[in-house]
Structures are given as C-alpha cells and as structure tokens.
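# Structure assessment
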Amino acid sequence: QLRFVESGGGLVQPGGSLRLSCTVSGIMSDRHVIGWFRQAPGKEREGVSCINKGDGRTWYPDSVRGRFTISRDNAKNTVYLQMDNLKPEDTAVYYCLADITTVASMCMLPTMRSGWGQGTQVIVSS
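Cut-offs applied
Residues numbered from 1 in each chain as written. Predicted model: local features only at pLDDT ≥ 70, side-chain atom pairs only at ≥ 80, totals over all residues. Heavy atoms only, no water. Pairing = 2+ DSSP bridges. Helix = DSSP H or I, 4+ residues; strand = E, 2+ residues; numbered from the N terminus. Salt bridge = Lys/Arg side-chain N within 4 Å of Asp/Glu carboxyl O. Buried < 20%, exposed > 50% of the residue type's maximum accessible area, 1.4 Å probe, protein only.

Moving on, we get to the pairing of strand β3 (residues 18-25). Residues in a regular strand project their side chains so that they alternate between the two faces of the sheet. Both strand β1 (residues 3-7) and β3 contribute to a ladder of 5 bridges, which runs antiparallel. Bridge pairing links Glu6 to Cys22 in β3.

Rendered as structure tokens:
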C-alpha cells in the first residue's frame, strides 16, 4: 500500500518560490505516475504537475506551465515540485499521489483517485 508524505509548504509573497517534497512509502513500478495536486477552498482538486516514474515524461496544465517544475529522485522515492513566480491564486493545500496511468490522465482526473495524504499548505499573500 502506497503512502504519501508531503512537506515544504508555507507562507510566501507573490513572486516568491517554494519547493515541495513528496516522499512515497511502498513499492512503485516504472509504470507509475506521480502527481502533484492542489485544492483551494470552494474549488475542486486539480492536478498541477505529473511525472512518469520510469521514463520521466511530464505534464503540466496551462495554469502553471513555465512556473512549476516537477522532478523525481527514484533512489530516494521522492518527487519534488519547484514552484516559481507564485501567485495568490496558487494558494491551496498541495497533495501528491501515484497511480498506474498516463501523465495526462493522472493530472486531469484527480477526483477519480484515492489514497490521499494530509497535504501541505501553501499560502501566497503579501
């Protein structure tokens, strides 16, 4: 059973940067996709960055493309989310999750997933 522990959130000013970490406990195959998701109050959970564990393929929605970068360290079973030029609308609780699917499907269909952890809160405010 995979478990996910997110860390690295906090309060940051607009234009600032944060790096989130997701440590995965359990065994993943090269077919697994790991994704970062966020949920703001009153909003549905949305995928913001996804990466294939095996080949490193990535997917980003237009809302974060060019600002967010996902990367992985398979030796550490850890996935990172580098967030630059943060905006107030990025404020949310951020979660990571893994599943066997495509990177696009993983990020585009978060409501179909299960096994979410506690998440880490990101607040972008002056």
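Glancing now at the pattern of salt bridges. Evaluated as defined, the whole model comprises 7 salt bridges. Asp90 is the partner of Arg38 in a salt bridge, and the nearest nitrogen-oxygen pair spans 2.8 Å. Of this pair, Arg38 sits in strand β4 (residues 32-39) while Asp90 sits in the loop between β8 (78-83) and β9 (92-100), placing them 52 residues apart in sequence. A relative accessible area of 0% means that Asp90 is categorised as buried.

So, on to unusual backbone geometry. Of note, the phi angle at Asn77 is positive, near 55°, even though the residue is not glycine. Among the structural elements, Asn77 can be located in the loop between β7 (68-73) and β8. Positive phi outside glycine occurs at Asn85, with the angle close to 50°. Summarising the element assignment, Asn85 is placed in the loop between β8 and β9. Taking relative accessible area as the criterion, Asn85 reaches 42% and is therefore assigned partly exposed.

Here we take up the environment of Ile51. Residue placement: Ile51 occurs in strand β5 (residues 46-52). Since its relative accessible area comes to 3%, Ile51 is described here as buried.

Purely spatial values, then, with no claim about function.
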